[in-house]
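In case you want the letters, here they are:
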Amino acid sequence: MNQEGKERQLTDRARRMLEQRLEELDEETIGRLYEARQKALHRPSPRRPRWIAMGGWAAAAASFLLVVTLWNSDNRTPEAPGIFEDLELLSTKEDMEFIEDLDFYLWLDDEQQTG
Amino acid sequence: MAECNIYGCRVNNNVVRYWAILGRVSLESRQKLDRFFAGVERRVFRMAVVATGNQDDALDIIQDAMIKLVKLYADRDEKEWGPLFHRIVQTTIRDWYRRQRVRRRLLGFVGLNRDDGETEKEDFADTGAPAAHELLDHSRMALRLDRALHRLPLRQQQAFMLRAWEGQSVADTARAMGCSEGSVKTHYSRAVHALRDLLEDYRP
C-alpha cells in the first residue's frame, strides 16, 4: 500500500474512534449543551420579583384613589392633565417590559463577570 | 468595565448590547440557528473536550462561540455559519490555551504551580466515559486516542480534528485555523506521524 493509502487508512480508524466517543456522550452532557444553546439564543423568561408584583398592586390602588379624588374634586385645575400624563407614562407596556427584563440583565451581567 | 444604571441596577453595557442584538434577530433566524447549533454542537463540544481536557471548560467555550456567532453573524447566509462557527470555536480554544499558559506561568512564579504537564490530561476521566475495566477494546482505544490527541500541540490537534474527523478541505481548515494552507499540511502531517503507532495498533 502506498503512503497515501496508508494515511487514509489511519485517518479512517481515527474517525471511527472519534465517532465512538461521540456516541458515548451522556444525557447530562447533552442536556447541558442544550442549555448552552438556549442561553445563546433566547432571553430567559423573566421571573418577576415580588416587589414588582406588590408594587403593581400598590400603583393600581394609588391610581384608583387619585382618580376618585380628582373626580370628586370641584377644583379641576390645569395640573390635572399633567398628572394623567404621568400615570400614562408609568403604565405604558414598554416600561413594564423594561422592568421585567431586569432578571435577564442580571443574568447576562453575571455571565460576563464569571466568563 | 463600562456600565450603565437601569432602575438602580448596574448593568454591563455589553449585556445591554447583546440584549438589543437578540431583539433584532428574527424568530425565523433564531429557529434556523437553533437547528444549526443542534446539528454541530456535539461534535464541536468533543473537539473542545479533546483540546481542554475537561467538560466544563469545553462547555464554556461552546457557549461563548454560540453567543459570538449569534452576535456577529446571525444575519449571514445559513451556508456561511458552518465555516464561521468552526473559526470562532478554534479561536476561542486558542484563547483558552493562552489564558491557561499565562495562569500556569503566574502560578509557577508564586510557586503554586502543581501542573507538571500531566494534570489536565488526567481530566479525561470526567468525560462521562465508563470506567476503564468496563470499556470494550474499541472504546479503550478511542479513549487512548483522545488522550494522545490532547497531548499533541494545539495546532496539530486542530488540523487533525478538522481534516480527519470533520473531513474539511485544506483550504477550509486553513480558514478555520486562521493560518496558511501550507501550515495546515505541515501540522496535519506531524499529527498523523505522532499518532501513527497508536492508530496502527487499532484493529476494529
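Please read all numbers here as calculations on a predicted model, not as lab measurements.

A.B. asks: Describe the environment of B:His187, listing the residues and the values that go with them.
C.D. replies: All names here are of chain B. If you trace the backbone, histidine 187 turns up in helix 8 (residues 181–201). In the structure, histidine 187 is positioned 33 residues away from leucine 154 in sequence and 9.4 Å away in space, judged by C-alpha atoms. If we skip the residues at most four places from it in the chain, histidine 187 touches Arg155, Gln156 and Ala159.

A.B. asks: Outline the packing of helix 2 (residues 27–52) of chain B against helix 4 (residues 78–109) of chain B, supporting the account with residue identities and numerical values.
C.D. replies: All names here are of chain B. Axis separation between helix 2 and helix 4 bottoms out at 11 Å; the angle between their running directions is 30 degrees. Taken together, the axes of helix 2 and helix 4 lie roughly parallel to each other. Crossing hand, helix 2 versus helix 4: right-handed. For the pair formed by helix 2 and helix 4, the contact residues are Lys32, Phe36, Val40, Val44, Met47, Ala48, Ala51 and Thr52 on the first element and Glu78, Trp81, Phe85, Val89, Ile93 and Trp96 on the second. Its residues assigned to classes, the contact of helix 2 with helix 4 comprises 11 nonpolar, one polar and two charged.

A.B. asks: Can you break down helix 2 (residues 27–41) of chain A residue by residue, with the values?
C.D. replies: Residues spaced three or four apart along an α-helix face the same direction, because each turn holds 3.6 residues. Compared with an ideal rise of 1.5 Å per residue, which puts 15 residues at 21 Å, helix 2 of chain A spans 21 Å between its outermost C-alpha atoms and is within 8% of the ideal. Every buried residue of helix 2 of chain A is listed here: A:Leu33, A:Ala36 and A:Ala40. Relative to the axis of helix 2 of chain A, the buried residues are bounded by an arc of 60 degrees and lie together on one face. Opposite its buried face, helix 2 of chain A presents the exposed residues A:Glu27, A:Glu28, A:Gly31 and A:Glu35, each directed more than 90 degrees away. If you follow the buried residues of helix 2 of chain A, they end up packed against helix 2 and helix 3 (55–73) of chain B.

Thresholds applied
- Residues numbered from 1 in each chain as written.
- Chains lettered and ligands numbered in written order.
- Predicted model: local features only at pLDDT ≥ 70, side-chain atom pairs only at ≥ 80, totals over all residues.
- Helix = DSSP H or I, 4+ residues; strand = E, 2+ residues; numbered from the N terminus.
- Contact = placed C-beta atoms within 7 Å.
- Axes fitted to C-alpha atoms, helices over the stretch in contact; angles between N-to-C directions.
- Parallel < 35°, antiparallel > 145°, perpendicular 65-115°, else oblique.
- Left-handed = near helix turned anticlockwise from the far one by under 90°.
- Nonpolar A, V, L, I, M, F, W, Y, C, P; charged D, E, K, R; others polar.
- Expected span 1.5 Å × (residues − 1).
- Buried ≥ 20, exposed ≤ 12 C-beta atoms within 10 Å, placed from the backbone.
- Arc of directions from axis to C-beta.

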